[in-house]
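As a plain string of letters, each chain reads:
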Amino acid sequence: MRIHAVHNLYEMRLARSTRPFLARGGKVERCQFCMLRAHLCICSHKPQIESDAAFMLIMYDDEVLKPSNTGRLIADLFIDTFAFIWSRTEPDPAMLAVLTDPQWQPYVIFPAEYGTPERVASEVVPAAGKRPLFILLDGSWSEAKKMFRKSPYLNEFPMLSITPESRSRYQVREAAKDNQLGTAEVAARIVAGFGEQENARMLDLWFDVFRENYMVGKLNRSLPEDSALARLKQAVLSEACV
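Throughout what follows, the structure given in this document is the object of discussion.

## A look at the pattern of salt bridges
Evaluation of the coordinates by the stated rule reveals 9 salt bridges. Notably, a salt bridge pairs Asp226 with Arg231, separated by 3.8 Å at the nearest N-O pair.

This is how it looks when you write it as structure tokens:
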């Protein structure tokens, strides 16, 4: 079991809470890592991938505490994932250090309409010796817009935008806009655009497993025979046979 940045951030945020976090379904017994009901835990089925991409999740205050958060799914698969709590007035020095580390080429993932034309990149073209660092603002749509507007340290980096071809499969939370995707769905589209289509497919499948198991637990139902987990297992097996 690999403990990643989102797990550590969850523990840190929980430790400084002054009162219990009362998320919907907060009294349910959950796995502390995948945040699903204990009997629906998916941790042992986590696929392994190799990628040249890295991610930074900048999370709005209590987002990391929410069982429905999908940012952790990115960290499950992509080893080089960083996670920080957003602060308007006191940005985490460790986060700023990552952003200025010369091995990374940061891209802010946000709709192009919120950036100037010269800032919006049409594709990922890392400079020699650098790897792309995709920055995702993780929270509700209103929270993400606030983080984008009030994080001047991100202004120097190019923006990447996606145009969803279909509506979100998330269903766990109500989207503010019809074409709004879950955080992990956005990451999968970015990875596909970077040229790692198989890694994007694995993240999509992992997202489907989480979403289905979350909804099954929420509605007290049983997993379908043709479950997302069964499809993931088949995909992993097929990949191993190549």
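That covers the picture; the talk isn't over yet.
## Some remarks on the nonpolar core
Counting 51 residues, the largest nonpolar core has Ile74 and Phe134 as the members making the most contacts within it. Setting aside residues no more than four positions away along its own chain, Ile74 makes contact with Phe55, Leu57, Thr81, Leu136, Thr183, Ala184, Ala187 and Leu203. Of all hydrophobic cores here, the second largest spans 23 residues; its members include Ile135, Tyr153, Phe157 and Met159.

## What to know about the packing of aromatic side chains
Overall, the coordinates contain 11 aromatic pairs when judged by the stated rule. Aromatic pair Phe110 and Tyr114: ring centres 5.5 Å apart, planes at 70°, arrangement edge-to-face. Residue Tyr114 is classed as partly exposed on the basis of its relative accessible area of 33%. For the pair Phe134 and Phe194, a centre-to-centre distance of 6.0 Å together with 75° between the ring planes defines the contact as edge-to-face. Highlighted residues: Phe134 in strand β4 (residues 131-138) and Phe194 in helix α5 (residues 183-194), separated in sequence by 60 residues.

## Focus: the sheet that holds β4
Read across the open sheet, the 5 strands follow the order β2-β1-β4-β3-β5; overall the sheet is parallel. The strands lining the two open edges of the sheet, one partner per strand, are β2 (81-85) and β5 (159-160). Here strand β1 (residues 54-59) pairs with β4 via 6 bridges, running parallel. Bridge pairing in β4 places Leu57 opposite Leu136. Of the strands in this sheet, β1, β3 (104-109), β4 and β5 touch α5, which is tilted by about 160° from β4.

Conventions used here
Residues numbered from 1 in each chain as written. Predicted model: local features only at pLDDT ≥ 70, side-chain atom pairs only at ≥ 80, totals over all residues. Heavy atoms only, no water. Salt bridge = Lys/Arg side-chain N within 4 Å of Asp/Glu carboxyl O. Core = buried A, V, L, I, M, F, W, Y, C linked by side-chain atoms within 4.5 Å. Buried < 20%, exposed > 50% of the residue type's maximum accessible area, 1.4 Å probe, protein only. Contact = heavy atoms within 4.5 Å. Phe/Tyr/Trp six-rings, centres within 6.5 Å; stacked < 30°, edge-to-face > 60°. Helix = DSSP H or I, 4+ residues; strand = E, 2+ residues; numbered from the N terminus. Pairing = 2+ DSSP bridges. Axes fitted to C-alpha atoms, helices over the stretch in contact; angles between N-to-C directions.

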